[in-house]
Amino acid sequence: MGAESIAFEHIPPGRGHATLPVHRILLVEAGINIVETMRLWPLLDAGHREVLLIVNPLPLVGATGAPVRPLALARP
């Protein structure tokens, strides 16, 4: 799952990151990876509504996240 935003949760001040329900449900319970800060508007501006998204994360052993090198393939 991906989004242009920096976070999937709204964390009230003072709560910290102790509870991240969206991360828990997607990552832990459903096994769905999260991609944050995607830059999607250039694809929309070019008229693309469907793309094949390929992400190549760095192979960091034991990490809970990693930068990716995204590649969006769109039909002409």
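Residues numbered from 1 in each chain as written. Predicted model: local features only at pLDDT ≥ 70, side-chain atom pairs only at ≥ 80, totals over all residues. Heavy atoms only, no water.

J.: Give me the lowdown on the confidence of the model for the chain, citing residues and values where you can.
T.: In the predicted model, the chain carries a mean pLDDT of 84, and 95% of its residues have values of at least 70. Put simply, helix α1 (residues 21-29) is where the chain has its lowest mean pLDDT, 85, and helix α2 (residues 41-45) is where it has its highest, 91. (pLDDT = per-residue confidence, 0-100. Helix = DSSP H or I, 4+ residues; strand = E, 2+ residues; numbered from the N terminus.)

J.: Help me get a handle on unusual backbone geometry, residues and values and all.
T.: Look at T37: it is not a glycine, yet its phi comes out positive at around 60 degrees. One can find T37 in the loop between α1 and α2. With a relative accessible area of 48%, T37 lands in the partly exposed category. (Buried < 20%, exposed > 50% of the residue type's maximum accessible area, 1.4 Å probe, protein only.)

J.: For a nonpolar patch on the surface, give the residues involved together with the corresponding values.
T.: A surface patch of nonpolar side chains, amounting to about 250 Å² of accessible area, comprises V51, L53, V55 and V68. Tracing the chain through its elements places V51 in the loop between α2 and β1 (52-57). (Patch = residues over 30% accessible without salt bridge, like charges linked within 9 Å, V, L, I, M, F, W, Y side chains within 5 Å. Areas by Shrake-Rupley, 256 points an atom, 1.4 Å probe, with all protein chains shown as cover. Salt bridge = Lys/Arg side-chain N within 4 Å of Asp/Glu carboxyl O.)

J.: So what's going on with the pattern of salt bridges? Which residues, and what values?
T.: Here the structure, examined in full by the defined rule, presents one salt bridge. Notably, a salt bridge pairs E29 with R24, separated by 2.4 Å at the nearest N-O pair. Overall, the relative accessible area of 54% leaves E29 in the exposed class. Overall, R24 belongs to the partly exposed group, its relative accessible area being 41%.

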